[in-house]
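Spelled out, the chains give:
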Amino acid sequence: MKQKDFFLYAVMSVFLGMQGCASSSDIKQNVGPSEVAHTKQTLQIAGLKHCNNEGNDSIHLNPDEPLTIIVHGCFSSAGRFQTLADVYGLYDQQAICFEYDDRKSLEETSGELVTALNQLSTQNPNQDLHVIGHSQGGLVARRALTSEREDQQTVTAKKVQLTTVSSPFNGIEISSHCGITPLRILSLGIVDLICYVVTGEKYQQIPPNADFIEQPGELVASVSQHLVVKTDERNSCRKENDKGECIEDDYVFSVNEQSNNQVDDGVNTDLVTVKAGHVEIVGNGESVPTDLINILKQQKVLVDKSDINQQEQARLLQLLYSTPQESNL
């Protein structure tokens, strides 16, 4: 292959691959039941916000109840996961979002999450936390909860549960050339530039041979469970035309890209593989993420404490995912 053709191939590979690195669903606005009245505290912690994306950075929490923190993937925002947070509200549980710049270094971003979690724990040292990350958000969430970090930060919460969904713990195959040193040198920096333009500062952390991938680290002892939800995204569809024909697939990462032995074999790690698309698993804007909800309930990280019967729950869930929402992006 000629050098010019090779570089052109590299450009297209990076661009096409990164387009799907962590798309999120068209999640809808809150139409669930109002929250039960509790004595709540108001906090302002950088990166943490309610998922409605209304521009108010204050969070209002019941310090006596467990808290779920949702970490989005790239090309997303906290507001895109509003309905997933509303699902927790439907089951009488509280959830907020961690919002970050998805083009920054994953080490830096995960460090910001550590700081946010520790500020929460300082305010409420006995509060149980559940961190759930989708796609790239899973990489950020797990890295935040590892011990012996480069920045020497450690999450101080006494009890944490971690759930990662559709996360490429084995690296993103299409970005492999971003981590090939000889190619980067021979291209006189062109490959680095291309990778940076497409992905941002994280471009050297997402290839399969990156240290970030090959040395995922051990989780801190306070993590009582890491639930790894892998999605078999083959033959999935994100968007259909009026004739019911698929015009956009929902395949982003293979099961192999989501499978890292060091992560899978970790202490207190539970593995679940489900047949679902990358966006479908968290709700694609038209259908309820039933598979994910059932998995979370089975694993007891989503506990039904409401007095609503199953039929009414199903109706409210469908309503959540069928009510139009104005774009927050």
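Residues numbered from 1 in each chain as written. Predicted model: local features only at pLDDT ≥ 70, side-chain atom pairs only at ≥ 80, totals over all residues. Heavy atoms only, no water.

**Student:** Please clarify how the packing of helix H2 (residues 82-90) against helix H10 (residues 310-320) should be interpreted in this entry.
**Tutor:** Two quantities define a packed helix pair, namely the angle between the helix axes and the distance between the axes. For the pair H2 and H10, interaxial distance at closest approach is 10 Å and the crossing angle is 160°. Looking at the two axes, H2 sits roughly antiparallel to H10. Every pair of crossing elements has a handedness; the one defined by H2 and H10 is right-handed. Residue-level inspection shows Thr83, Asp86, Val87 and Leu90 of H2 in contact with H10, the latter providing Gln313, Leu316, Leu317 and Leu320. (Axes fitted to C-alpha atoms, helices over the stretch in contact; angles between N-to-C directions. Helix = DSSP H or I, 4+ residues; strand = E, 2+ residues; numbered from the N terminus. Parallel < 35°, antiparallel > 145°, perpendicular 65-115°, else oblique. Left-handed = near helix turned anticlockwise from the far one by under 90°. Contact = heavy atoms within 4.5 Å.)

**Student:** Honestly, the environment of cysteine 74 in this entry has me stumped. Any pointers?
**Tutor:** Relative to the elements of secondary structure, cysteine 74 occurs in the loop between strand S4 (67-71) and H2. Taking the relative accessible area as the measure of exposure, cysteine 74 reaches 1% and is therefore buried. Sequence separation between cysteine 74 and glutamine 136 is 62 residues; the distance between their C-alpha atoms is 6.2 Å. (Buried < 20%, exposed > 50% of the residue type's maximum accessible area, 1.4 Å probe, protein only.)

**Student:** How should I be thinking about the packing of aromatic side chains in this particular structure?
**Tutor:** In this description, an aromatic ring pair is defined by two values, namely the gap between the centres and the angle between the planes. The full count for this structure, using the stated rule, is one aromatic pair. The lysine or arginine in question, arginine 143, covers the ring of phenylalanine 212, its NZ or CZ lying 4.1 Å from the ring centre. (Phe/Tyr/Trp six-rings, centres within 6.5 Å; stacked < 30°, edge-to-face > 60°. Lys NZ or Arg CZ within 6 Å of the ring centre and 35° of its normal.)

**Student:** Looking at this structure, how should I read empty space enclosed by the protein?
**Tutor:** Empty space among the atoms becomes visible once a probe the size of a water molecule is rolled across them. Taken as a whole and assessed by the stated rule, the structure comprises four cavities of 30 Å³ or more. The computed volume of the largest cavity comes to approximately 80 Å³. In this structure, the largest cavity is lined by Leu139, Arg142, Arg143, Phe169, Phe212, Ile213, Pro216, Asn260 and Val263. When contributions to the lining of the largest cavity are tallied by element, the ones reaching two or more residues are helix H4 (136-144) and helix H7 (211-214). In terms of residue count, H4 provides more of the lining of the largest cavity than any other element does, three residues in total. Split by residue class, the lining of the largest cavity holds six nonpolar, one polar and two charged. (1 Å grid on protein atoms, 1.4 Å probe; cavity = no way out; pocket = protein on both sides within 12 Å on 5 of 7 lines; lining within 4 Å. Points joined across faces, edges and corners; volume = space filled by probe spheres on them. Nonpolar A, V, L, I, M, F, W, Y, C, P; charged D, E, K, R; others polar.)

**Student:** Is there a simple way to explain helix H9 (residues 290-298) in this structure?
**Tutor:** For an α-helix the count is 3.6 residues per turn, leaving residues at separations of three or four pointing the same way. Within the span of H9, buried status applies to Leu292, Ile293, Ile295 and Leu296. For H9, the arc enclosing every buried residue in end-on projection is 165°, short of the 170-degree limit, so these residues lie on one face. Where H9 is buried, its residues meet H2, strand S6 (129-134), strand S7 (160-165), strand S8 (223-232), strand S11 (269-275) and H10. Once H9 finishes, lysine 300 follows within two positions and takes phi at roughly 60°, a positive value. (Arc of directions from axis to C-beta.)

**Student:** Please clarify how the sheet that holds S6 should be interpreted in this entry.
**Tutor:** Strand order in this open sheet of seven strands is S2-S5-S4-S6-S7-S8-S11, and the pairing throughout is mixed. Taken across any chain shown, the strands that pair with only one partner, and hence form the sheet edges, are strand S2 (48-49) and S11. In this sheet, S11 lies alongside S8 in parallel orientation, the contact comprising seven bridges. By the bridge assignment for S11, threonine 231 is matched with valine 274. Those strands touched by H4 are S4, strand S5 (94-98), S6, S7 and S8, and its axis lies near 145° from that of S6. Relative to the sheet, H9 contacts S6, S7, S8 and S11, its axis offset from that of S11 by approximately 155°. (Pairing = 2+ DSSP bridges.)

**Student:** Even after reading the chapter, I still don't get the side chain of glutamate 107, so can you show me in this structure?
**Tutor:** On the secondary structure map, glutamate 107 appears in helix H3 (residues 106-123). The exposure class of glutamate 107 is buried, given its relative accessible area of 15%.

**Student:** Is there a simple way to think about the state of the cysteines in this case?
**Tutor:** As used in these notes, a disulfide is a covalent bond between sulfur atoms, one from each of two cysteines. Under the criterion given, the structure shown has two disulfides. One disulfide in the model links cysteine 51 with cysteine 97; its S-S distance is 2.0 Å. The sign of the 105° torsion about the S-S bond sets the cysteine 51-cysteine 97 disulfide as right-handed. One end of the pair, cysteine 51, is in the loop between S2 and strand S3 (58-61); the other, cysteine 97, is in strand S5, with 46 residues separating them in the sequence. The pair formed by cysteine 51 and cysteine 97 is uniform in burial state, with each residue classed as buried. Disulfide partner of cysteine 237: cysteine 246, at an S-S distance of 2.3 Å. Disulfide cysteine 237-cysteine 246: torsion about the S-S bond near 110°, hence right-handed. (Disulfide = S-S within 2.5 Å.)

**Student:** Where do I start with the pairing of S7 in this structure?
**Tutor:** Two faces make up the sheet, and in a regular strand the side chains alternate between them. A large share of S7 lies buried, amounting to six of its six residues. Of the two faces of S7, the one carrying Val160, Leu162 and Thr164 and the one carrying Gln161, Thr163 and Val165 are both buried. Taken together, the six bridges between S6 and S7 define a ladder with parallel strand orientation. Bridge pairing in S7 places histidine 130 opposite glutamine 161. As for the winding sense of the linkage, the β-α-β connection from S6 through H4 to S7 is right-handed. Both S7 and S8 contribute to a ladder of six bridges, which runs parallel. Bridge pairing in S8 links valine 165 to valine 229. (Right-handed = clockwise from strand over helix to strand, strands pointing away.)

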